[in-house]
Amino acid sequence: MFSKKTSNMISFDYSGKRIPIIAGNWKLHKTYAESVQVAQRIVDLIDREYKDIADIVICPSFTALRGVTNVVAFDHSFVQVGAQDCYWEDEGAFTGEVSVSQIKDLECGWCIIGHSERRELFGETSADVAHKCAALLAHDIKPMLCVGEPLAVYEEDKTIEFVVDELKASLEGVPAQAKGIVIAYEPIWAIGTGLTSSPEHAQKVAAAIRGALKELWGEAAADASRVLYGGSVRPGNVNLFTSCEDIDGVLVGGASLEAESFIDLVKGVFNA
Ligand code: PEP
(Lines give C-alpha, C1' and ligand atoms only; values in the text may rest on other atoms or scores of the structure.)
Protein backbone atom coordinates (compact mmCIF):
# COMPACT_ATOMS: atom_id res chain seq x y z
CA MET A 1 0.00 0.00 0.00
CA PHE A 2 2.81 2.39 0.81
CA SER A 3 5.22 1.29 -1.85
CA LYS A 4 4.85 4.66 -3.57
CA LYS A 5 7.26 6.27 -1.15
CA THR A 6 8.70 8.76 -3.56
CA SER A 7 10.57 11.93 -2.83
CA ASN A 8 7.45 13.44 -1.32
CA MET A 9 8.09 11.25 1.70
CA ILE A 10 11.40 12.90 2.49
CA SER A 11 10.46 14.52 5.74
CA PHE A 12 12.54 14.25 8.86
CA ASP A 13 11.11 13.22 12.13
CA TYR A 14 13.28 13.81 15.15
CA SER A 15 15.03 10.48 14.70
CA GLY A 16 16.40 11.55 11.35
CA LYS A 17 13.84 10.07 8.95
CA ARG A 18 11.69 12.47 6.96
CA ILE A 19 7.99 11.67 7.05
CA PRO A 20 5.03 13.77 5.89
CA ILE A 21 2.84 15.87 8.15
CA ILE A 22 -0.90 16.11 7.62
CA ALA A 23 -2.15 18.83 9.95
CA GLY A 24 -5.71 20.06 10.44
CA ASN A 25 -6.35 23.62 11.58
CA TRP A 26 -9.88 23.78 12.96
CA LYS A 27 -9.67 27.56 13.46
CA LEU A 28 -12.63 29.06 15.31
CA HIS A 29 -14.94 26.13 14.64
CA LYS A 30 -16.69 23.56 16.80
CA THR A 31 -17.94 23.49 20.35
CA TYR A 32 -16.11 21.47 22.97
CA ALA A 33 -18.44 18.52 22.42
CA GLU A 34 -18.13 18.67 18.63
CA SER A 35 -14.35 18.82 18.84
CA VAL A 36 -14.21 15.78 21.09
CA GLN A 37 -16.62 13.93 18.80
CA VAL A 38 -14.62 14.63 15.63
CA ALA A 39 -11.34 13.82 17.36
CA GLN A 40 -12.79 10.52 18.57
CA ARG A 41 -13.93 9.69 15.05
CA ILE A 42 -10.51 10.47 13.60
CA VAL A 43 -8.84 8.30 16.23
CA ASP A 44 -11.31 5.49 15.49
CA LEU A 45 -10.98 5.69 11.71
CA ILE A 46 -7.30 6.30 11.19
CA ASP A 47 -5.35 3.30 9.97
CA ARG A 48 -2.57 2.30 12.35
CA GLU A 49 -0.35 1.66 9.33
CA TYR A 50 0.27 5.39 9.25
CA LYS A 51 1.68 5.40 12.77
CA ASP A 52 5.37 5.50 11.87
CA ILE A 53 5.16 6.99 8.42
CA ALA A 54 3.30 10.25 9.00
CA ASP A 55 2.72 12.90 11.62
CA ILE A 56 -1.04 13.35 11.87
CA VAL A 57 -1.87 16.50 13.83
CA ILE A 58 -5.22 18.09 14.73
CA CYS A 59 -5.40 21.63 16.07
CA PRO A 60 -8.66 22.52 17.84
CA SER A 61 -9.48 25.73 19.70
CA PHE A 62 -7.82 26.32 23.07
CA THR A 63 -11.09 25.53 24.83
CA ALA A 64 -11.19 22.02 23.36
CA LEU A 65 -7.51 21.14 23.70
CA ARG A 66 -7.87 19.20 26.93
CA GLY A 67 -10.87 17.26 25.65
CA VAL A 68 -9.04 16.33 22.46
CA THR A 69 -5.79 15.35 24.18
CA ASN A 70 -7.87 13.20 26.54
CA VAL A 71 -9.40 11.38 23.55
CA VAL A 72 -5.98 10.73 22.08
CA ALA A 73 -4.45 9.63 25.39
CA PHE A 74 -7.36 7.37 26.31
CA ASP A 75 -7.04 5.48 23.02
CA HIS A 76 -3.22 5.51 23.04
CA SER A 77 -3.56 6.98 19.56
CA PHE A 78 -0.66 8.15 17.43
CA VAL A 79 -2.75 11.15 16.38
CA GLN A 80 -1.09 14.28 17.73
CA VAL A 81 -2.59 17.51 18.98
CA GLY A 82 -1.55 21.09 18.39
CA ALA A 83 -2.63 24.55 19.47
CA GLN A 84 -3.38 27.33 16.98
CA ASP A 85 -1.35 30.03 18.70
CA CYS A 86 0.54 30.80 21.92
CA TYR A 87 2.18 33.58 23.87
CA TRP A 88 5.89 33.55 24.57
CA GLU A 89 5.88 34.67 28.23
CA ASP A 90 5.33 31.87 30.73
CA GLU A 91 3.08 33.84 33.04
CA GLY A 92 2.20 37.36 34.09
CA ALA A 93 -0.21 40.21 33.40
CA PHE A 94 -1.13 39.23 29.84
CA THR A 95 -4.92 39.06 29.89
CA GLY A 96 -6.37 36.66 27.37
CA GLU A 97 -3.09 35.07 26.37
CA VAL A 98 -2.21 31.38 26.61
CA SER A 99 1.41 30.53 27.32
CA VAL A 100 3.57 27.83 25.81
CA SER A 101 3.87 26.15 29.20
CA GLN A 102 0.08 26.07 29.54
CA ILE A 103 -0.13 24.38 26.13
CA LYS A 104 2.56 21.93 27.13
CA ASP A 105 0.64 21.19 30.32
CA LEU A 106 -2.25 20.02 28.10
CA GLU A 107 0.07 17.60 26.33
CA CYS A 108 0.06 19.37 23.00
CA GLY A 109 3.16 18.62 21.00
CA TRP A 110 2.61 21.20 18.26
CA CYS A 111 1.61 24.80 17.81
CA ILE A 112 0.72 26.80 14.70
CA ILE A 113 2.28 30.27 14.73
CA GLY A 114 2.18 33.21 12.37
CA HIS A 115 -0.96 32.10 10.53
CA SER A 116 -1.92 34.79 8.03
CA GLU A 117 -5.24 35.30 9.84
CA ARG A 118 -3.33 36.22 12.99
CA ARG A 119 -0.99 38.44 11.04
CA GLU A 120 -3.74 40.17 9.03
CA LEU A 121 -6.64 40.33 11.50
CA PHE A 122 -4.80 40.63 14.81
CA GLY A 123 -1.71 42.60 13.84
CA GLU A 124 0.76 39.89 14.68
CA THR A 125 4.24 40.83 13.49
CA SER A 126 7.09 38.64 12.36
CA ALA A 127 8.95 39.72 15.51
CA ASP A 128 6.06 38.34 17.60
CA VAL A 129 6.24 35.11 15.62
CA ALA A 130 9.98 34.84 16.27
CA HIS A 131 9.40 35.20 20.05
CA LYS A 132 6.72 32.52 19.89
CA CYS A 133 8.93 30.24 17.85
CA ALA A 134 11.84 30.54 20.29
CA ALA A 135 9.55 29.94 23.28
CA LEU A 136 8.03 26.83 21.70
CA LEU A 137 11.40 25.36 20.85
CA ALA A 138 12.66 26.09 24.36
CA HIS A 139 9.71 24.05 25.69
CA ASP A 140 10.23 21.28 23.15
CA ILE A 141 6.96 21.94 21.31
CA LYS A 142 7.16 21.81 17.53
CA PRO A 143 6.19 25.07 15.84
CA MET A 144 4.35 25.08 12.52
CA LEU A 145 5.45 28.50 11.36
CA CYS A 146 3.27 29.95 8.60
CA VAL A 147 4.42 32.30 5.87
CA GLY A 148 2.73 33.36 2.66
CA GLU A 149 2.17 36.20 0.27
CA PRO A 150 -0.95 38.29 -0.42
CA LEU A 151 -2.51 38.23 -3.87
CA ALA A 152 -0.93 41.51 -5.04
CA VAL A 153 2.55 40.17 -4.31
CA TYR A 154 1.77 36.95 -6.15
CA GLU A 155 0.46 38.87 -9.13
CA GLU A 156 3.61 40.98 -9.22
CA ASP A 157 5.66 37.78 -9.24
CA LYS A 158 7.43 38.82 -6.02
CA THR A 159 6.42 35.80 -3.95
CA ILE A 160 9.88 34.39 -3.31
CA GLU A 161 11.33 37.66 -2.01
CA PHE A 162 8.27 38.28 0.15
CA VAL A 163 8.18 34.81 1.66
CA VAL A 164 11.92 34.60 2.27
CA ASP A 165 11.92 38.02 3.97
CA GLU A 166 8.92 37.07 6.08
CA LEU A 167 10.54 33.78 7.04
CA LYS A 168 13.84 35.35 8.03
CA ALA A 169 12.08 38.02 10.10
CA SER A 170 9.95 35.31 11.75
CA LEU A 171 13.10 33.40 12.72
CA GLU A 172 15.12 36.41 13.88
CA GLY A 173 17.03 35.40 16.99
CA VAL A 174 15.76 31.81 16.89
CA PRO A 175 18.71 29.51 17.51
CA ALA A 176 19.71 27.10 14.72
CA GLN A 177 17.60 23.97 14.68
CA ALA A 178 19.81 21.01 13.91
CA LYS A 179 16.77 18.73 14.07
CA GLY A 180 14.75 20.85 11.69
CA ILE A 181 11.68 22.96 11.99
CA VAL A 182 8.30 23.00 10.24
CA ILE A 183 7.42 25.87 7.92
CA ALA A 184 4.00 26.07 6.29
CA TYR A 185 3.86 27.95 3.02
CA GLU A 186 0.31 29.27 2.72
CA PRO A 187 -0.41 31.80 -0.02
CA ILE A 188 -2.99 34.09 1.57
CA TRP A 189 -5.07 34.19 -1.59
CA ALA A 190 -5.47 30.41 -1.47
CA ILE A 191 -6.64 30.11 2.14
CA GLY A 192 -10.31 29.25 2.34
CA THR A 193 -10.94 30.52 -1.18
CA GLY A 194 -11.04 27.30 -3.17
CA LEU A 195 -8.10 28.63 -5.19
CA THR A 196 -4.90 26.67 -4.96
CA SER A 197 -1.37 27.44 -5.89
CA SER A 198 -0.09 25.41 -8.79
CA PRO A 199 2.13 22.59 -7.51
CA GLU A 200 4.99 24.13 -9.55
CA HIS A 201 4.65 27.49 -7.78
CA ALA A 202 4.35 25.82 -4.37
CA GLN A 203 7.43 23.69 -5.07
CA LYS A 204 9.43 26.75 -6.14
CA VAL A 205 8.54 28.59 -2.95
CA ALA A 206 9.17 25.51 -0.78
CA ALA A 207 12.64 25.15 -2.35
CA ALA A 208 13.32 28.84 -1.66
CA ILE A 209 12.24 28.34 1.96
CA ARG A 210 14.66 25.44 2.29
CA GLY A 211 17.34 27.58 0.68
CA ALA A 212 16.73 30.35 3.21
CA LEU A 213 16.95 27.84 6.08
CA LYS A 214 20.25 26.61 4.64
CA GLU A 215 21.56 30.16 4.57
CA LEU A 216 20.46 30.70 8.17
CA TRP A 217 21.35 27.39 9.77
CA GLY A 218 23.31 25.28 7.30
CA GLU A 219 22.53 22.39 5.00
CA ALA A 220 21.85 19.70 7.60
CA ALA A 221 19.24 21.84 9.37
CA ALA A 222 17.64 22.79 6.06
CA ASP A 223 17.48 19.15 4.98
CA ALA A 224 15.98 18.19 8.32
CA SER A 225 13.26 20.83 8.10
CA ARG A 226 9.83 20.06 6.77
CA VAL A 227 7.98 22.47 4.49
CA LEU A 228 4.21 22.18 4.20
CA TYR A 229 1.81 23.63 1.69
CA GLY A 230 -1.54 25.07 2.80
CA GLY A 231 -4.36 26.69 0.87
CA SER A 232 -7.58 24.93 -0.20
CA VAL A 233 -6.04 21.48 -0.01
CA ARG A 234 -8.61 18.72 -0.51
CA PRO A 235 -8.41 14.90 -0.60
CA GLY A 236 -8.47 15.09 -4.40
CA ASN A 237 -5.52 17.46 -4.78
CA VAL A 238 -3.36 16.73 -1.74
CA ASN A 239 -0.97 14.43 -3.57
CA LEU A 240 -0.27 17.04 -6.24
CA PHE A 241 1.48 18.98 -3.49
CA THR A 242 2.99 16.22 -1.39
CA SER A 243 4.57 14.67 -4.47
CA CYS A 244 6.65 17.84 -4.95
CA GLU A 245 10.27 17.36 -3.97
CA ASP A 246 10.43 20.06 -1.29
CA ILE A 247 6.91 19.74 0.10
CA ASP A 248 6.72 17.48 3.12
CA GLY A 249 3.05 17.65 3.97
CA VAL A 250 0.03 19.91 4.25
CA LEU A 251 -1.69 22.28 6.64
CA VAL A 252 -5.42 22.14 6.00
CA GLY A 253 -8.34 24.23 7.21
CA GLY A 254 -11.77 23.50 5.68
CA ALA A 255 -11.13 19.91 4.60
CA SER A 256 -9.92 18.97 8.09
CA LEU A 257 -13.16 19.82 9.86
CA GLU A 258 -14.93 16.51 9.23
CA ALA A 259 -13.30 13.26 10.31
CA GLU A 260 -14.00 11.44 7.03
CA SER A 261 -12.56 14.22 4.92
CA PHE A 262 -9.48 14.47 7.14
CA ILE A 263 -8.92 10.71 6.89
CA ASP A 264 -9.32 10.96 3.09
CA LEU A 265 -6.62 13.62 3.05
CA VAL A 266 -4.25 11.27 4.82
CA LYS A 267 -5.12 8.48 2.41
CA GLY A 268 -4.69 10.89 -0.50
CA VAL A 269 -1.05 11.47 0.47
CA PHE A 270 -0.25 7.78 0.27
CA ASN A 271 -2.66 6.28 -2.22
CA ALA A 272 -2.17 8.29 -5.36
C1 PEP B 1 -5.49 27.25 6.79
O2 PEP B 1 -6.33 27.70 7.52
O3 PEP B 1 -4.33 27.20 7.16
C4 PEP B 1 -5.91 26.77 5.46
C5 PEP B 1 -4.98 26.39 4.63
O6 PEP B 1 -7.27 26.76 5.19
P7 PEP B 1 -7.99 26.05 3.93
O8 PEP B 1 -7.44 24.67 3.84
O9 PEP B 1 -9.43 26.07 4.29
O10 PEP B 1 -7.67 26.87 2.74
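A quick note: this is a predicted structure, and the numbers were derived from the prediction, not measured. (Residues numbered from 1 in each chain as written. Predicted model: local features only at pLDDT ≥ 70, side-chain atom pairs only at ≥ 80, totals over all residues. Heavy atoms only, no water.)

Visitor: Explanation requested: the state of the cysteines in the structure shown.
Guide: This model, assessed by the stated rule, comprises zero disulfides. Sulfur of Cys-133: no disulfide; nearest cysteine sulfur belongs to Cys-86 and is 9.0 Å away. Lacking any disulfide linkage, Cys-146 is separated from the closest cysteine sulfur, that of Cys-59, by 9.4 Å. (Disulfide = S-S within 2.5 Å.)

Visitor: Sorry, what's going on with the packing of helix H1 (residues 32-45) against helix H11 (residues 259-270) here?
Guide: Packed helix pairs are characterised by how far apart their axes lie and by the angle those axes make with each other. Packing of H1 against H11 brings their axes to within 9 Å, and their N-to-C directions diverge by 40°. By the angle between their axes, H1 is oblique relative to H11. Relative to H11, H1 is oriented so that their crossing is right-handed. When H1 is examined against H11, the residues Val-38, Arg-41, Ile-42 and Leu-45 are found in contact with a partner set consisting of Ala-259, Glu-260, Phe-262 and Ile-263. (Axes fitted to C-alpha atoms, helices over the stretch in contact; angles between N-to-C directions. Helix = DSSP H or I, 4+ residues; strand = E, 2+ residues; numbered from the N terminus. Parallel < 35°, antiparallel > 145°, perpendicular 65-115°, else oblique. Left-handed = near helix turned anticlockwise from the far one by under 90°. Contact = heavy atoms within 4.5 Å.)

Visitor: Looking at this structure, how should I read the nonpolar core?
Guide: It is characteristic of soluble globular proteins that their nonpolar side chains tend to be buried jointly. In this structure, Ile-22, Ile-42, Leu-171, Ile-209 and Leu-213 are the most contacted members of the largest nonpolar core, which totals 75 residues. The greatest single-element share of this core, amounting to eight residues, is contributed by helix H8 (residues 199-217). If near-sequence neighbours (up to four positions away) are discounted, Ile-22 is found in contact with Ala-54, Asp-55, Ile-56, Val-57, Val-250, Phe-262, Leu-265, Val-266 and Val-269. Among the nonpolar cores identified, the runner-up in size contains twelve residues, and Cys-59, Met-144, Val-182 and Ala-184 belong to it. (Core = buried A, V, L, I, M, F, W, Y, C linked by side-chain atoms within 4.5 Å. Buried < 20%, exposed > 50% of the residue type's maximum accessible area, 1.4 Å probe, protein only.)

Visitor: Before we go on, may I ask you to explain the pairing of strand E1 (residues 21-25) in this structure?
Guide: A regular strand places its side chains so that they alternate between the two faces of the sheet. For E1, the tally of buried residues reaches five of five residues, placing the bulk of the element in the interior. Here E1 shows no split at all, with Ile-21, Ala-23 and Asn-25 on one side and Ile-22 and Gly-24 on the other all buried. Relative to strand E2 (residues 55-59), E1 runs parallel, the two sharing five bridges. Paired with Asn-25 across the two strands is Cys-59, which belongs to E2. Viewed along the sheet, the connection from E1 through H1 into E2 turns out right-handed. The pairing of E1 with strand E8 (residues 249-252) spans four bridges and is classified as parallel. Of the residues in E8, the one forming a bridge with Ile-21 is Gly-249. (Pairing = 2+ DSSP bridges. Right-handed = clockwise from strand over helix to strand, strands pointing away.)

Visitor: What's the story with the packing of aromatic side chains in this structure? I'm lost.
Guide: Aromatic rings considered in pairs are described by the distance between their centres and by the relative angle of their planes. Under the criterion given, the structure shown has six aromatic pairs. Judged by centre distance (4.3 Å) and plane angle (35°), the ring pair of Tyr-154 and Trp-189 falls under tilted. Of this pair, Tyr-154 sits in helix H6 (residues 151-155) while Trp-189 sits in the loop between strand E6 (182-185) and H8, and the two are 35 residues apart along the sequence. An aromatic cluster is defined as three or more aromatic residues linked by ring pairs; in this entry it consists of Tyr-87, Trp-88 and Phe-94. Looking at Lys-30, its charged tip hangs above the ring of Trp-26, at a distance of 5.4 Å from the centre. The ring centre of Trp-110 lies 5.1 Å from the NZ or CZ of Lys-142, which sits over that ring. (Phe/Tyr/Trp six-rings, centres within 6.5 Å; stacked < 30°, edge-to-face > 60°. Lys NZ or Arg CZ within 6 Å of the ring centre and 35° of its normal.)

Visitor: Could you clarify how one ought to interpret the site of the ligand in this entry?
Guide: Around the ligand sit 14 residues, and of these Lys-27, Glu-186, Gly-192, Ser-232 and Gly-253 come closest. Contacts to the ligand include His-115, whose side-chain N or O atom sits 2.9 Å from an oxygen atom. Interatomic distance of 2.8 Å between a backbone N/O atom of Gly-254 and an oxygen atom of the ligand. When the free accessible area of the ligand is taken as 290 Å², the share hidden by the protein chains comes to 97%. Among the detected pockets, the ligand sits in the second largest pocket. Grouping the amino acids of the shell around the ligand by side-chain chemistry returns four nonpolar, eight polar and two charged. (Near = heavy atom within 4 Å. Polar contact = N/O pair within 3.5 Å; in protein donor to acceptor, adjacent residues only side chain to side chain. Areas by Shrake-Rupley, 256 points an atom, 1.4 Å probe, with all protein chains shown as cover. 1 Å grid on protein atoms, 1.4 Å probe; cavity = no way out; pocket = protein on both sides within 12 Å on 5 of 7 lines; lining within 4 Å. Sits in = over half its atoms within 2 Å of the grid points. Nonpolar A, V, L, I, M, F, W, Y, C, P; charged D, E, K, R; others polar.)

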